[in-house]
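# Architecture at a glance
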Amino acid sequence: MLQLLLPGTPVAYMGDELGMTDTYLRYDQLIDYMSKSIGISRETVRTPFQWDCSPQAGFSNKTKTWLPVNPNYVTLNVEFEQNARRSHLKIFKEIVNLRQLEIFRTGDVQFYELSEYVFAFSRSNKFLKTYFIVINLGSELENINLRKFKKRLSSKVTVKISSLFAEQNNGDVVSAKSFTLRPSAALVLESSFY
């Protein structure tokens, strides 16, 4: 949400749309000379793309790939995430679609530090519409009051996109003055006033 909804050119690396994680590789599994010589591997992010839960994650029909497949491929793959009710892939697509709105191309940006661990920013335009992106980077449940930082804001905001860890769902209406945000959760909220 942060990268795709701020101004500028976003960059997504292979697997970001799925929430793919780095793969642990033993020293003997490293292929790249630089990785072996300096002891820092860039290959942990270069493992095969995870298409499905078949052997080698659907990336290859061979019994062995150049680098090993991440063991989490069984549930972290395109096929699984397309069929899940909610997934990183579906959220990524929602954010990419939202990014097509004019407000995310040319709208004003404001930044807010809601607490020590909660960062937010807003995108607004002259048509009295504002989107708030609120991200809890901490490990504790946070109570959020957007009206403390944005006085001219409607009392209710609509959840446009919720992350996997959020308790709120897309379409929920929450109080701008008081809602909770779980650890590692993020929301895109829509308001008709700015």
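I will try to describe carefully the structure that is included in this document.

Reading the values: the criteria
- Residues numbered from 1 in each chain as written.
- Predicted model: local features only at pLDDT ≥ 70, side-chain atom pairs only at ≥ 80, totals over all residues.
- Heavy atoms only, no water.
- Pairing = 2+ DSSP bridges.
- Helix = DSSP H or I, 4+ residues; strand = E, 2+ residues; numbered from the N terminus.
- Axes fitted to C-alpha atoms, helices over the stretch in contact; angles between N-to-C directions.
- Patch = residues over 30% accessible without salt bridge, like charges linked within 9 Å, V, L, I, M, F, W, Y side chains within 5 Å.
- Areas by Shrake-Rupley, 256 points an atom, 1.4 Å probe, with all protein chains shown as cover.
- Salt bridge = Lys/Arg side-chain N within 4 Å of Asp/Glu carboxyl O.
- 1 Å grid on protein atoms, 1.4 Å probe; cavity = no way out; pocket = protein on both sides within 12 Å on 5 of 7 lines; lining within 4 Å.
- Points joined across faces, edges and corners; volume = space filled by probe spheres on them.
- Nonpolar A, V, L, I, M, F, W, Y, C, P; charged D, E, K, R; others polar.
- Core = buried A, V, L, I, M, F, W, Y, C linked by side-chain atoms within 4.5 Å.
- Buried < 20%, exposed > 50% of the residue type's maximum accessible area, 1.4 Å probe, protein only.
- Contact = heavy atoms within 4.5 Å.

Within the open sheet, the six strands sit side by side as β1-β2-β3-β8-β5-β6. Their pairing is antiparallel. A single partner strand is all that each edge strand has here, and the edge strands are β1 (108-113) and β6 (173-175). Direction aside, neighbouring strands of the sheet carry axes that sit 30° apart on average. In this sheet, strand β8 (residues 186-191) lies alongside strand β5 (residues 156-162) in antiparallel orientation, the contact comprising four bridges.

On the surface, a nonpolar cluster with roughly 240 Å² of combined accessible area is contributed by Y13, M14 and V45. Looking at the element boundaries, Y13 is found in the loop between α1 (2-5) and α2 (33-38).

Space inside the largest pocket adds up to approximately 630 Å³. Looking at the lining of the largest pocket, the elements with two or more residues in it are α1, α4 (88-99) and β3 (130-136). Looking at the lining of the largest pocket element by element, the count peaks at four residues for α4. For the lining of the largest pocket, the residue count by class is 15 nonpolar, seven polar and two charged.

Turning our attention to the nonpolar core. Counting 19 residues, the largest nonpolar core has L114, V134, I144, L146 and L189 as the members making the most contacts within it. Only β2 (118-124), β3, β5, β7 (179-181) and β8 provide two or more residues apiece to this core. Setting aside chain neighbours within four positions, we find L114 in contact with A120, V134, I144, L146 and F149.

With that out of the way, let us pick up the pairing of β2. Most of β2 is tucked away, with six of its seven residues classed as buried. Looking at chain direction, β1 and β2 are connected through six bridges and run antiparallel. Note on β2: the bridge partner recorded for F111 is F121. The hairpin turn running from β1 into β2, its antiparallel successor, is four residues long.

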